[in-house]
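Remarks on the overall topology
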Amino acid sequence: MPIAVDIDVMLARRKMSVGELADRVGITPANLAVLKNGRAKAVRFTTLAALCEVLQCQPGDLLRWEAEDAVDVSLAPERA
């Protein structure tokens, strides 16, 4: 998936457990695990905002885009 989730990184920086984060955000540990492991299809902005509030970070600290496959630029169609 091209969106990588870095909740583990922020948990380590904040020295916080998954259980504590789930409690403070108000979601189940199972749902947090789905999100944390990159298996979620979507995330509500309210959940993302709560994660950012508890972890004192920005959305970009938790989510980042990664290219799925390296594309040969010489073969890619030109964009205007």
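All of these numbers come straight from a predicted model, not from anything done at the bench. (Residues numbered from 1 in each chain as written. Predicted model: local features only at pLDDT ≥ 70, side-chain atom pairs only at ≥ 80, totals over all residues. Heavy atoms only, no water.)

On to helix 4 (residues 45-55). The set of residues buried in helix 4 consists of Thr47, Leu48, Ala50, Leu51, Cys52, Val54 and Leu55. Where the residues of helix 4 are buried, they touch helix 1 (7-14), helix 2 (18-25), helix 3 (29-36), helix 5 (59-62) and strand 2 (63-65). A positive phi of about 50° marks Gln56, the residue just after helix 4. (Buried < 20%, exposed > 50% of the residue type's maximum accessible area, 1.4 Å probe, protein only. Helix = DSSP H or I, 4+ residues; strand = E, 2+ residues; numbered from the N terminus. Contact = heavy atoms within 4.5 Å.)

In terms of nonpolar packing, the biggest core is built from 19 residues, with Ile7, Leu21, Leu51, Leu55 and Leu62 touching the most fellow members. Looking at this core, the elements that each hand over two or more residues are helix 1, helix 2, helix 3 and helix 4. For this core, the element with the most residues is helix 4, which contributes 6 residues. Apart from residues lying up to four places away in sequence, Ile7 is in contact with Leu21, Leu32, Leu35, Lys36, Leu51 and Leu62. (Core = buried A, V, L, I, M, F, W, Y, C linked by side-chain atoms within 4.5 Å.)

With that settled, consider helix 3. Within helix 3 the residues assigned to the buried category are Leu32, Leu35 and Lys36. The buried residues of helix 3 occupy one face: seen down the axis, they fall within an arc of 95°. Packing partners of the buried residues in helix 3 comprise strand 1 (3-5), helix 1, helix 2 and helix 4. Count one or two residues on from helix 3 and you reach Gly38, which has phi positive near 75°. (Arc of directions from axis to C-beta.)

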